[in-house]
Amino acid sequence: MKINKKITLISIFAFAFIVALSFCFAFNWPQVVENSDIFSSFFGQPRGSAYINSLIFENPAEVFPAEDGTVLIKLENGISDMGWFESTLGNAVILNHSNDMLTVYGNLEEISLQDDMTNITSEIKIGTSGTSGWQKGKNCLEFQVIDTKSRNLINPFLLMPVIEKKDDLSIKNLVAINNSGKVVPISNYQKINSGVYRLYIKKQPVGMTYKTSVLVNGAVAENIIYDVLTEKENRLAIKGKNLYSFEELYPDDENQLLAEVILSTGRNIITITVEDYFGNSKTATYTVDVI
């Protein structure tokens, strides 16, 4: 019971943080988002052996500031106009905003800002999305939001106007992995030994699971929300009940972590809800007999 109460409090504080952040600061979309295929990759998705720390748009377009700001750095082919900043963003612009926020506009084809432009409004064109960065020739904008006060990377969706889009979510191939690394596929009314398990499902074929929620016998076991990337041992991590490394959330090319749970002797009802970035959700229930 103490564990469940602690998890619930963590969830409440996380939700309060998100609501407070949304009210105190909001951005506009840096490019038009009217097309059906809006984004090619999402914040928190895998890219090689690390998290994607940005939002990557699907279609090329003109790029504008998400909010009025000050030009902090202009990158030409990954090198800043000051000559010391190297990155894989290609042509990029970094803007400083109020409330200790930075926005980053990467993979641009060209930068439209004049050298003497310092303070710019959201109506001034930054440039056009291109192929100059690490997107392997894909013509798209890579957009980041950074909270310099907390030193965290923020999911841009938290601060943007809501977009409605229908994706088909799925909950498939549920497996439980115990502390010894034993993998147990989960189906209804099967028998499983008691203990601590991490639950995984197959990653979504399209889009991404933005939020996972798992209940065991009606009590919250864990919620994981892909809203902030924070540092753990010099690497980026996602916060749930624990700070999860990339390898913990994505142990292979197929699976994504749902939660860490304790399964006690008796009948256990596991309720899983997954939600995408557009508010679509799907729920599934499994009944297992724990011995």
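Computed from a predicted structure; not experimentally measured.

Draft legend 1. Inspection of the overall build of the chain at higher detail. Regarding its fold elements, the chain presents 2 helices and 25 strands. Summed over all atoms, the accessible surface of the chain reaches about 14300 Å², with 51% contributed by carbon and sulfur.

Draft legend 2. Quick peek at the environment of valine 290. Residue placement: valine 290 occurs in strand 25 (residues 281-290). Taking the C-alpha atoms as reference points, valine 290 and serine 194, 96 residues apart in sequence, are found 5.5 Å from one another. Contact partners of valine 290, with chain neighbours within four places excluded, come to Ile192, Asn193, Ser194, Leu263, Ser264, Thr265, Gly266 and Asn268.

Draft legend 3. Broad picture of the pairing of strand 12 (residues 142-147). Of all 6 residues making up strand 12, 5 are buried, and the element is well covered by its neighbours. One ladder, built from 6 bridges, connects strand 9 (residues 101-111) with strand 12; its direction is antiparallel. Across the sheet, threonine 103 pairs through a bridge with valine 145, a residue of strand 12. Across 3 bridges, strand 12 lies against strand 13 (residues 152-154) in antiparallel orientation. Directly across from aspartate 147, in strand 13, lies its bridge partner asparagine 152.

Draft legend 4. The arrangement of the pairing of strand 23 (residues 255-263) in detail. Strand 23 sits mainly inside the fold: 8 of its 9 residues count as buried. Across 8 bridges, strand 17 (residues 195-202) lies against strand 23 in antiparallel orientation. The residue bridging valine 196 from the neighbouring strand is isoleucine 262, located in strand 23.

Draft legend 5. Quick peek at the sheet that holds strand 23. In space, the 4 strands of this open sheet follow the order 15-14-17-23, with antiparallel pairing throughout. What marks the edges here is a single partner per strand, and that holds for strand 15 (183-185) and strand 23. For this sheet the average axis-to-axis angle between neighbouring strands, irrespective of direction, equals 30°. Pairing geometry for strand 14 (residues 175-178) and strand 15, over 3 bridges, is antiparallel. Directly across from isoleucine 177, in strand 15, lies its bridge partner valine 183.

Draft legend 6. Spotlight on the pattern of salt bridges. Summed over all chains, the structure comprises 8 salt bridges. Note that glutamate 62 is salt-bridged to lysine 125, the shortest N-O span being 3.3 Å. Here lysine 125 lies in the loop between strand 10 (119-120) and strand 11 (127-129) and glutamate 62 lies in strand 5 (residues 62-63), a separation of 63 residues in the sequence. Through salt bridges with shared partners, a single ionic network connects Arg198, Lys232, Glu248 and Glu260.

Draft legend 7. Quick look at the environment of asparagine 268. Looking at where asparagine 268 falls in the secondary structure, it is placed in strand 24 (residues 266-275). Separated by 18 residues in sequence, asparagine 268 and tyrosine 286 have C-alpha atoms that sit 8.2 Å apart. Each residue touching asparagine 268, except ones within four places of it in the same chain, is listed here: Val216, Asn217, Ile262, Leu263, Tyr286, Thr287, Val288 and Val290. Among the polar contacts made by the side chain of asparagine 268, one reaches the main-chain carbonyl oxygen of serine 264 at a distance of 2.8 Å. A polar atom in the side chain of asparagine 268 sits 3.1 Å from the backbone oxygen of glycine 266.

Draft legend 8. Expanded view of the confidence of the model for the chain. Mean pLDDT over the chain works out to 86, with 86% of the residues at or above the 70 mark. Here residues 1-23 is modelled with pLDDT under 50, and outside its nearest four sequence neighbours on either side it reaches 20 contacts, counting other chains as well.

Draft legend 9. Here's a closer look at the nonpolar core. In terms of nonpolar packing, the biggest core is built from 48 residues, with Phe39, Tyr226, Leu249 and Tyr277 touching the most fellow members. When residues of this core are traced back to their parent elements, those giving at least two are strand 4 (55-57), strand 8 (91-96), strand 9, strand 12, strand 13, strand 19 (219-225), strand 20 (228-232) and helix 2 (246-249). Considering every element that reaches this core, the biggest residue donor is strand 9, with 4 residues. Here phenylalanine 39 is in contact with Trp29, Val33, Leu55, Ile56, Phe57, Glu58, Phe157, Ile163 and Phe278, once residues within four sequence places are set aside.

Conventions we followed
- Residues numbered from 1 in each chain as written.
- Predicted model: local features only at pLDDT ≥ 70, side-chain atom pairs only at ≥ 80, totals over all residues.
- Heavy atoms only, no water.
- Helix = DSSP H or I, 4+ residues; strand = E, 2+ residues; numbered from the N terminus.
- Areas by Shrake-Rupley, 256 points an atom, 1.4 Å probe, with all protein chains shown as cover.
- Contact = heavy atoms within 4.5 Å.
- Buried < 20%, exposed > 50% of the residue type's maximum accessible area, 1.4 Å probe, protein only.
- Pairing = 2+ DSSP bridges.
- Axes fitted to C-alpha atoms, helices over the stretch in contact; angles between N-to-C directions.
- Salt bridge = Lys/Arg side-chain N within 4 Å of Asp/Glu carboxyl O.
- Polar contact = N/O pair within 3.5 Å; in protein donor to acceptor, adjacent residues only side chain to side chain.
- pLDDT = per-residue confidence, 0-100.
- Core = buried A, V, L, I, M, F, W, Y, C linked by side-chain atoms within 4.5 Å.

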